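# Tertiary structure, described
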Amino acid sequence: PTLPHPSPTGVLAVQKQAMAAGAPGALTRIDSGSTVYRLAMGKADRAAGTPMDADRRFRVGSVTKSFTTVVLMQLVAEGRVDLDAPANDYLPQALPDDRITVRHLLNHRSGLWDYTNDMFYHTVPGFEAVRNKVFTYQELIDLSTAHAPTNQPGAAYSYSNTNFVVLGQLIEHTTGMSMGTQYEQRIFKPLGLKNTSYVHPRTTLTGSYARGYVRDDDTTLPLVDSTEQTASWAQSAGAVISNSADLNRFFAAVVSGGLVPPAQLREMMSLVPVNADGTQSYGLGLRGRTLSCGVTVYGHTGTVQGYYTYAFTTADGKRRVSSMANTSNNGTVNTILGGTLEAAFCGTDPT
Ligand SMILES: C[C@@H](NC(=O)[C@@H](C)NC(=O)CCCC[C@H](NC(=O)C[NH3+])C(=O)[O-])C(=O)O
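Quick caveat, the model's predicted, so the values are computed rather than measured.

Of regular secondary structure, the protein possesses 12 helices and 14 strands. Its C-alpha atoms give the protein a radius of gyration of 19 Å, within 12% of the compact-globule value 20 Å for 351 residues. The principal-axis extents of the C-alpha atoms in the protein amount to approximately 55 × 50 × 40 Å. Each of the 351 residues in the protein was classed as buried or not, and the buried ones make up 58%. Within the protein, contacts between residues at least 6 apart in sequence are counted, and of these 69% link residues at least 24 apart.

Here you go:
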């Protein structure tokens, strides 16, 4: 089906609403065939008064999970990892349940508790306690397995950062190489993603970037500048830094088979509904969103202190959008920002 034209005015309306709800700034880039829309407003740096622009780098949070999945699926294609084998076959230290398969980690059905539930129960104190900390994968996994599982392996979908921390440990243990090197050699370099990096545990962003501001649980308190952090609590579940152009190029490459062979791509894009009306789904390290005009788009969302991200593509890679608002712990902003998908793919314009 041919898509409606993108609505740049619809994107601007969404970004304006996100700012009214507390985001210091927002940016969106749409690549639609050879047409590019770059839309930004508000501030990239509140203290300096620097205006936002659509090319600035930012922390992409869980969009990292799609990068980690590409590395893993390349290992599957190379015959080095079997999706349906017990994850314990590939780990230095066993998970409590041998029935957890590699696939369960990729589709959030392992039942492993998400340690961030405890870590960030109180948003700003939790963040301040870890922002300069460096964790090993095992330390994060141990925080999770101190809790009972949320479900039996395979029995239910339960989103958990722990799954992708285990996958980071699995990839490093299997290849003997760091995640950073794997991202660089298997994705960043081949695709020429010059604005994408994995600098864990370095805390600073380089080049032209947006600062991020996390909101306190007491919303009467000022925003906290959360730009510099090790992101070691997230690592292979959320520590990639990128920009809208690179994310759009990445997801186009994923769905057009430029990064993983057809068999593995089919597995990644096999979506299982995860909400009541089926408009939200999950494949392997990929979220699916079915929009009002009937199109299902593939990609991932991201939430890391100071940054909300949406990065999605059509199944054929012809139209992609990446949006970011530089605040977090503000569900209203996060929901509003999701409206850029409707504007970009369905031409929806609330004005
Ligand atoms: C949901 C999202 N997941 C991710 O991006 C991962 C990396 N982030 C999280 O799990 C949220 C960590 C806390 C953020 C903090 N929240 C709190 O501290 C809440 N008390 C904040 O909002 O900055 C996704 O997959 O789309």
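Now, onward.
Around the ligand lies a shell of 19 residues, among which Ser 62, Tyr 159, Thr 301, Thr 303 and Ser 328 are the nearest. Measuring from an oxygen atom of the ligand, one finds a backbone N or O atom of Asn 329 at 2.8 Å. Alone, the ligand offers 630 Å² of accessible surface; in the complex the protein occludes 83% of this. Of all the cavities here, the one that holds the ligand is the largest pocket.

On the basis of which strands lie adjacent, the open sheet formed by 9 strands has the order S3-S2-S1-S13-S12-S11-S10-S9-S8 and antiparallel pairing. Edge strands, defined here as strands with exactly one partner in the open sheet, are strand S3 (50-51) and strand S8 (272-273). In this sheet, strand S12 (residues 307-313) lies alongside strand S11 (residues 296-304) in antiparallel orientation, the contact comprising 7 bridges. From the neighbouring strand, Gly 302 faces S12, where its bridge partner is Thr 309. Along the sheet face, helix H1 (residues 8-20) touches strand S1 (25-32) and strand S2 (35-45) and points at about 15 degrees away from the line of S2.

The next subject is the pattern of salt bridges. Note that side chains of opposite charge can pair when their charged atoms are close. Throughout the structure, instances matching the rule amount to 12 salt bridges. In this structure, the salt-bridge partner of Asp 53 is Arg 56, at a minimum N-O distance of 2.9 Å. Classification of Asp 53 as partly exposed rests on a relative accessible area of 26%. One salt bridge in this structure joins Glu 228 and Arg 211, with 2.7 Å as the shortest N-O distance.

For the pair helix H6 (residues 137-145) and helix H7 (residues 161-175), interaxial distance at closest approach is 10 Å and the crossing angle is 145 degrees. Crossing geometry of H6 relative to H7 is assigned as left-handed. Contact residues: H6 offers Tyr 137, Gln 138, Leu 140, Ile 141 and Ser 144, while H7 offers Thr 162, Val 165, Val 166, Gly 168, Gln 169 and Glu 172. Looking at side-chain class alone, the contact of H6 with H7 contains 5 nonpolar, 5 polar and 1 charged residues.

The next subject is the nonpolar core. Counting residues in hydrophobic clusters, the biggest one holds 75 residues, and the most contacted among them are Leu 72, Ile 187 and Phe 250. No other element matches helix H2 (residues 64-77), which puts 7 residues into this core. The contact partners of Leu 72, leaving out residues within four places of it in the chain, are Val 81, Leu 83, Val 102, Leu 106, Leu 167, Leu 170 and Ile 171. Membership of the second largest hydrophobic core comes to 22 residues, among which are Leu 39, Val 295, Val 321 and Ala 344.

Turning our attention to the pairing of strand S13 (residues 319-325). Burial within S13 is extensive, with 7 of its 7 residues counted as buried. Residues Arg 319, Val 321, Ser 323 and Ala 325 of S13 are buried on one face, and the alternating residues Arg 320, Ser 322 and Met 324, pointing to the opposite face, are buried as well. Note: S1 against S13, 7 bridges, orientation antiparallel. Bridging from a neighbouring strand, Ala 26 pairs with Ala 325 of S13. Examined bridge by bridge, S12 and S13 share 6 bridges and lie antiparallel to one another. Across the sheet, the residue bridging to Thr 313 is Arg 320, located in S13.

The rules behind these values
Residues numbered from 1 in each chain as written. Predicted model: local features only at pLDDT ≥ 70, side-chain atom pairs only at ≥ 80, totals over all residues. Heavy atoms only, no water. Helix = DSSP H or I, 4+ residues; strand = E, 2+ residues; numbered from the N terminus. Rg over C-alpha atoms; globule rule 2.2 N^0.38 Å. Buried < 20%, exposed > 50% of the residue type's maximum accessible area, 1.4 Å probe, protein only. Contact = heavy atoms within 4.5 Å. Near = heavy atom within 4 Å. Polar contact = N/O pair within 3.5 Å; in protein donor to acceptor, adjacent residues only side chain to side chain. Areas by Shrake-Rupley, 256 points an atom, 1.4 Å probe, with all protein chains shown as cover. 1 Å grid on protein atoms, 1.4 Å probe; cavity = no way out; pocket = protein on both sides within 12 Å on 5 of 7 lines; lining within 4 Å. Sits in = over half its atoms within 2 Å of the grid points. Pairing = 2+ DSSP bridges. Axes fitted to C-alpha atoms, helices over the stretch in contact; angles between N-to-C directions. Salt bridge = Lys/Arg side-chain N within 4 Å of Asp/Glu carboxyl O. Left-handed = near helix turned anticlockwise from the far one by under 90°. Nonpolar A, V, L, I, M, F, W, Y, C, P; charged D, E, K, R; others polar. Core = buried A, V, L, I, M, F, W, Y, C linked by side-chain atoms within 4.5 Å.

Geometry only, nothing functional implied.
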